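Here is how the chains run, residue by residue.
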Amino acid sequence: MAAAPSAPHRRVVICGGGVVGACTAYFLSTHAAAPTVPTLVEKCAPACAASGKAGGFLALDWCDSTPALSALARASFALHRRLAAALDGTNAYGFRPVHTLSICLPSEARSSSPHPLLPPWVDPSASAAPPRELGTPDTTAQVHPGLFTKAVLAASGAEVIIDEVERVVVRDGRVAGVAVKGRGVVDADAVVLALGPWSGRLEMVREVFDVSGLKAHSIVLRPREPEKITPHALFLSYQPEPGAKMLDPEVYPRPTGEVYICGMSKDEDAPDDPATIAGEPDSIAMLHKIAGKVSRQLRTGEGAKVVVEQACYLPCTTDGLPVIGEMPGVKGCYVATGHSCWGILNAPATGAALAELILDGKAKIVDLAPFSPARFLKRRSRRGA
Ligand SMILES: Cc1cc2nc3c(=O)[nH]c(=O)nc-3n(C[C@H](O)[C@H](O)[C@H](O)COP(=O)(O)OP(=O)(O)OC[C@H]3O[C@@H](n4cnc5c(N)ncnc54)[C@H](O)[C@@H]3O)c2cc1C
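Everything quoted here is computed from the prediction, not taken from an experiment. (Residues numbered from 1 in each chain as written. Predicted model: local features only at pLDDT ≥ 70, side-chain atom pairs only at ≥ 80, totals over all residues. Heavy atoms only, no water.)

### What to know about the overall build of the chain
- Broken down by element type, the chain carries 8 helices and 19 strands.
- With the C-alpha coordinates of the chain rotated into their principal frame, the extents come out at 80 × 55 × 40 Å.
- The proportion of buried residues among the 385 residues of the chain is 54%.
- Considering only residue pairs separated by 6 or more positions, the chain has 73% of its internal contacts joining residues 24 or more positions apart.
- In the structure as shown, the chain presents an accessible area of about 16700 Å², 53% of it carried by carbon and sulfur atoms.
- For the chain, the distance from the average position of its 39 positive side-chain charges to the average position of its 38 negative side-chain charges is 2 Å. (Helix = DSSP H or I, 4+ residues; strand = E, 2+ residues; numbered from the N terminus. Buried < 20%, exposed > 50% of the residue type's maximum accessible area, 1.4 Å probe, protein only. Contact = heavy atoms within 4.5 Å. Areas by Shrake-Rupley, 256 points an atom, 1.4 Å probe, with all protein chains shown as cover. Lys, Arg positive; Asp, Glu negative; His and termini not counted. Charge placed at Lys NZ, Arg CZ, Asp CG, Glu CD.)

Laid out in structure tokens, this is it:
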């Protein structure tokens, strides 16, 4: 009996080793009908940028006010649970459900009695008003983002090339490969551009839409008594002094025993080389001040150790929605960027949808129409008209 014709071999090259590139690699390689192990080209190291320096907070329903984003986030939240069951059995990347609270930090030192919602490691004086519950372990969770990115990438089996993508090679309106600085053209039938805030450095992207960077800072501390820190994510509001800008830092204890604190953002383009990104001393100092107000466990003067002080860039689009889909006019060239402050949450459904689009011709897990890069072409031509 003649063998059934096999599906055509697809050579897929993913550009960028952040969480979006890594999840796309994973879902391509685990596709049920046509598993495809891609090649991934990363300039520095997997998870060297925002995907390694993010909070790693996940929420089921915090994107519900935007219907398209709600579908992506809900599908991703479910996939995070499935991925954790498949890949995090040995606690490789610390997936865990968390309690989530909103706390208003007082500007001035004050004494107060403990509130029943506050975990014992948070100083009672840290809350100027009763804390509010924003999420429960059913609706909020966390991963260590850098370890998550590396774990899904490793599980994909992708060949990883550490080098710089220079451009996409296009022949007759169809993708033919990727020009990589140190090795010439890597041939491809499909290319995925997952370059985060660097996506706009490619002319073919810049011609269609803008991606900007928003710089944000973070510190990671090892508290004096890590065993006392419970899985509570804290969303703070803090006005350092009357009339000053309101700050909204976030605090995420991690299963590693460390505590991550982020905030202090400003619009600024990312430098060419992700390895050169550094935090600004004033912003880092403010995060230490905030950490010390939240808990004496986080005061460096009282035994907390600094693990890292860092900064990175959120990839942002002009309409606030991610861009996920095929580039207009270039068959086989796909883009996935602009996930802003929800890239760790939304990477799984982004990667799963792209894998379906590339291998099946249509995404089923979420409707990608609202995320299409073609939406910017329509706006540009309306503006030009
Ligand atoms: C402080 C902070 C906290 C955050 N907290 C959360 C959170 O709690 N939950 C959440 O869901 N999201 C969070 N985010 C958002 C999340 O981190 C990002 O949306 C996400 O990491 C973006 O992933 P990415 O893969 O698109 O981009 P990146 O992680 O930026 O990856 C892009 C990759 O492309 C590589 N690259 C660039 N140029 C080239 C080139 N020419 N050739 C090859 N490679 C190249 C870079 O080196 C980089 O590794 C946070 C972000 C910040 C800044």
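### Overview of the sheet that holds strand β14 (residues 232-238)
- Across the sheet, 7 strands lie side by side as β6-β5-β14-β15-β16-β13-β17; this open sheet has mixed pairing. Where the open sheet ends on each side, the last strands, each with one partner, are β6 (132-135) and β17 (305-317). Across the sheet, the axes of successive neighbouring strands diverge by a mean angle of 25 degrees, strand direction being ignored.
- Both β14 and strand β15 (residues 250-253) contribute to a ladder of 2 bridges, which runs antiparallel. By the bridge assignment, leucine 234 is partnered in β15 with valine 251.
- Sheet strands touched by helix α6 (residues 281-294): β5 (99-105), β13 (211-222), β14, β16 (259-267) and β17. Its angle to β13, the strand with the most contacts, is close to 45 degrees. (Pairing = 2+ DSSP bridges. Axes fitted to C-alpha atoms, helices over the stretch in contact; angles between N-to-C directions.)

### A word on the packing of helix α1 (residues 19-29) against helix α7 (residues 343-360)
- Two elements in contact, α1 and α7, have axes separated by 7 Å at closest approach and are oriented at 45 degrees. Relative to α7, α1 is oriented oblique. Judged by the sense of rotation from one axis to the other, the crossing of α1 with α7 is right-handed. Side by side, α1 and α7 meet where Val19, Val20, Cys23, Thr24, Phe27 and Leu28 of the first sit next to Gly343, Ile344, Ala347, Pro348, Thr350, Gly351, Ala352, Leu354, Ala355, Ile358 and Leu359 of the second.
- Its residues assigned to classes, the contact of α1 with α7 comprises 13 nonpolar, 4 polar and no charged. (Parallel < 35°, antiparallel > 145°, perpendicular 65-115°, else oblique. Left-handed = near helix turned anticlockwise from the far one by under 90°. Nonpolar A, V, L, I, M, F, W, Y, C, P; charged D, E, K, R; others polar.)

### Here we look at the sheet that holds strand β3 (residues 57-59)
- If you walk across this open sheet you meet the 3 strands as β3-β7-β4, and the pairing is antiparallel. Single-partner strands in this sheet number two, and they are β3 and β4 (96-97).
- As defined by bridge partners, β3 adjoins strand β7 (residues 140-142) across 3 bridges and the pair is classed as antiparallel. Directly across from phenylalanine 57, in β7, lies its bridge partner glutamine 142.

In short, geometric facts, not functional conclusions.
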